[in-house]
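Below are the chains, spelled out letter by letter.
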Amino acid sequence: MPLTSDLNTLESSGLIRLVATQPDVEYFFRHALMQEAAYASLLKQDRKRLHRAVGEALEQACSGQADELAPLLGQHFYEAGDDARALKYLVMAADAAARRYANREAVKHYTDALEVAQRNGAVEPRLYRARGLARETLGEFDNARADYEAALQAAQATGDRRAEWEALLDLGLLWAGRDYARTGEYYRRAVALAGALDDRAILAHSMNRLGNWHLNIEEPLDALRYHREALAIFQELNDRRGIAATSDFLGLASYLSGDLAQGTAYFDRAIALFRELDDRQGLASSLTSMTLRGLTPQTNVFVPSAATLSEAAQDGETALQIVREIGWRSGEAFTLFALAFCFGGSGNYARALDCAWGSLAIAEEIGHHQWMAGACCALGAIYNDLLALTEARRHLERGLVLAGEIGSWNWTHMVTGVLASTCVLQGDLAYAEAVLDAALGPDAPAQTVGQRISWCARVELALARGDAEAALQITDKLIASAANVEPDGKRPILRVSQLRGRTLTALRRFAEAEVALRAAREIAITHGARPMAWRIHVDLGKVYQAQARHEEAERELATARTTIQELAANVPAGALRDNFLQRALTSAI
């Protein structure tokens with residue numbers, strides 16, 4: 001056969017080499033430059049004719065492998081100038097890459113498809129949106145924003161109101177990393193448009209986004225109302241994807257408003273559905289949020305769930321593996337700072353610092369200001385725990401600025417509370433009061449995680465100023481406002497019980513102080529919150545010293561010193577470890 005003879009001649013001359021005989025015969029050029037020279041020697045019309053011939057031959061011979069061969073078919077028909085078939089296969093290739101989370105490949109194919117569509121004046125909004133989603137996953141804010149805005153303009157120009165609604169939601173979610181005011185504007189427009197479309201599923205998706213926005217500006221009751229209405233709609237429609245997404249939203253809203261048990265139930269449902277649906281991004285998001293069920297420095301102000309910090313960290317580790325596999329950059333930043341809080345809460349400081357610094361690096365790289373604030377808060381909490389107060393304050397002050405810039409009261413209150421606690425430990429009581437007053441008025445509720453962390457800092461400030469009566473009133477408020485508190489006190493709150501014990505000690509109500517601190521000690525040990533545990537041992541030791549119960553006092557203080565020494569082994573060697581040992585051991589004598 002002439003073709004076989006020609007191939008043999010080329011092979012014997014050293015221009016090509018045989019690389020496979022099964023399932024098909026396959027040759028490669030020995031050098032890329034030879035391939036380029038051979039291709040360039042063809043006339044343009046000959047190249048187009050050959051591309052079309054190869055494309056049609058592949059199309060006919062491999063009709064059952066269209067998805068697999070779509071990138072090759074798209075490229076051949078693109079070069080052949082057959083725009084209709086090029087667009088078909090390029091979009092097919094892009095969609096397949098997106099489903100595999102091969103986002104850079106997806107961006108390339110969508111870009112080629114958009115070029116073909118633009119050449120023919122028939123651009124669909126969905127192509128801009130699909131490329132924008134891939135770019136957002138890669139952390140390319142400006143490129144994703146440009147695509148979503150192009151999708152919005154194309155949808156409005158063509159009267160495609162569903163595509164317009166999708167673009168509004170996409171832009172709102174994208175801006176959530178930088179500016180909550182803009183996010184709210186886009187979400188409100190999406191809700192208004194959804195109402196006009198008379199599509200209940202679209203309305204429910206819009207309500208979920210608006211509800212999450214209310215959560216982040218610290219309006220949890222509004223958030224829960226929107227999410228519950230959305231869940232009712234999706235349940236009526238038997239929309240499993242909608243139920244999964246809404247359960248995830250309800251889980252986070254429940255956690256941040258103080259109900260860890262209810263939040264865990266919602267997340268359990270979301271995780272089961274995401275696994276059934278093979279929604280890896282949704283699964284990773286829920287697993288990351290589930291780390292909050294452990295008694296981290298964020299959630300130790302609530303009635304605890306049944307999970308230990310070790311169990312919560314396992315969820316985060318699984319999420320981290322998933323986000324890295326699918327290349328979700330903002331998801332990786334989110335998971336890393338969530339793990340930092342988890343590991344910090346259990347005293348695994350080396351891993352906590354690695355996660356927090358890793359989160360901050362990614363968030364800065366992709367310009368995600370919300371996760372930058374989260375990473376700064378995590379770093380501040382870890383350094384505060386390690387008694388490296390100057391370093392803690394540096395990160396927290398930066399985090400507070402970032403939280404203010406994006407307009408998130410949730411992060412503003414969380415960072416404020418940790419910063420104020422740090423300032424109290426430094427003896428800078430005036431600054432502690434100033435930051436608390438700027439964020440939390442005297443009549444502010446004590447419902448959300450950020451509010452409760454800030455109120456705990458007010459207790460510490462009051463104790464530092466010798467106003468134990470004011471501190472006691474605040475601890476009473478924190479207990480009365482908590483979800484799932486039992487009247488008999490059988491479900492105490494870790495940090496609140498510790499602060500109440502310190503307050504009662506200051507008031508010389510030693511018997512009551514001992515009860516509160518023993519309850520806090522039990523929770524800390526059961527849940528693996530070792531940094532809290534050593535501090536509570538010290539507090540109990542002081543209660544016993546004040547009553548001349550010297551043997552019991554020494555037992556508690558000795559346990560504190562042993563725990564401190566064990567925790568120090570998890571601190572990077574050097575000044576950080578030395579400072580922690582010196583300051584912590586000094587407090588335990």
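Please refer to the structure higher up on the page.
Since we're looking at a predicted model, the values are computed, not measured.

Definitions and limits used
- Residues numbered from 1 in each chain as written.
- Predicted model: local features only at pLDDT ≥ 70, side-chain atom pairs only at ≥ 80, totals over all residues.
- Heavy atoms only, no water.
- Core = buried A, V, L, I, M, F, W, Y, C linked by side-chain atoms within 4.5 Å.
- Buried < 20%, exposed > 50% of the residue type's maximum accessible area, 1.4 Å probe, protein only.
- Helix = DSSP H or I, 4+ residues; strand = E, 2+ residues; numbered from the N terminus.
- Contact = heavy atoms within 4.5 Å.
- Axes fitted to C-alpha atoms, helices over the stretch in contact; angles between N-to-C directions.
- Parallel < 35°, antiparallel > 145°, perpendicular 65-115°, else oblique.
- Left-handed = near helix turned anticlockwise from the far one by under 90°.
- Nonpolar A, V, L, I, M, F, W, Y, C, P; charged D, E, K, R; others polar.
- Phe/Tyr/Trp six-rings, centres within 6.5 Å; stacked < 30°, edge-to-face > 60°.
- Lys NZ or Arg CZ within 6 Å of the ring centre and 35° of its normal.

Peer 1: Help me out: how do you make sense of the nonpolar core in this one?
Peer 2: A general feature of soluble globular proteins is that nonpolar side chains tend to end up buried together. Counting 189 residues, the largest nonpolar core has Ile382, Leu386, Leu478, Leu494, Trp534 and Phe580 as the members making the most contacts within it. Sort the elements by how many residues they give to this core and helix H19 (residues 369-385) lands first, with eleven residues. Aside from chain neighbours lying at most four places away, what touches leucine 386 is Tyr349, Leu353, Val571, Leu576, Asn579 and Phe580.

Peer 1: Would you explain the packing of helix H17 (residues 329-346) against helix H18 (residues 349-366) in this entry?
Peer 2: Any two packed helices are characterised by the angle at which their axes cross and by the distance between the axes. Axis separation between H17 and H18 bottoms out at 8 Å; the angle between their running directions is 155°. For the element pair H17 / H18, the angle class is roughly antiparallel. Handedness of the crossing formed by H17 with H18: left-handed. Between H17 and H18, the contacting residues are Arg329, Ser330, Glu332, Ala333, Leu336, Phe337, Leu339, Ala340, Phe343 and Gly344 on the first element and Tyr349, Arg351, Ala352, Cys355, Ala356, Gly358, Ser359, Ile362, Ala363, Glu365 and Ile366 on the second. Class assignment for the residues of the contact of H17 with H18 results in 13 nonpolar, four polar and four charged.

Peer 1: I keep staring at the packing of aromatic side chains and nothing clicks. Help me out?
Peer 2: What characterises a pair of aromatic rings is the spacing of the ring centres plus the angle enclosed by the ring planes. What the rule picks out here adds up to ten aromatic pairs. Both rings, one in phenylalanine 77 and one in tyrosine 89, keep their centres 6.0 Å apart while their planes meet at 15°; by these two values the pair is stacked. Of this pair, phenylalanine 77 sits in helix H4 (residues 66-80) while tyrosine 89 sits in helix H5 (residues 83-99), and the two are twelve residues apart along the sequence. By relative accessible area, tyrosine 89 is classed as buried at 4%. Members of the aromatic cluster, joined through ring pairs, are Phe334, Phe337, Phe341, Trp371 and Trp411. Sitting above the plane of the tryptophan 175 ring, arginine 182 keeps its charged end 4.1 Å from the centroid. Sitting above the plane of the tyrosine 226 ring, arginine 225 keeps its charged end 4.7 Å from the centroid.

Peer 1: Explanation requested: the side chain of threonine 416 in the structure shown.
Peer 2: Inspection of the secondary structure puts threonine 416 in helix H21 (residues 409-426). For threonine 416, a relative accessible area of 1% translates into the label buried. Not counting the four nearest positions on each side in its chain, threonine 416 is found in contact with Leu400, Val435, Leu436, Ala439 and Ser454.

All we've got here are geometric facts, nothing functional implied.
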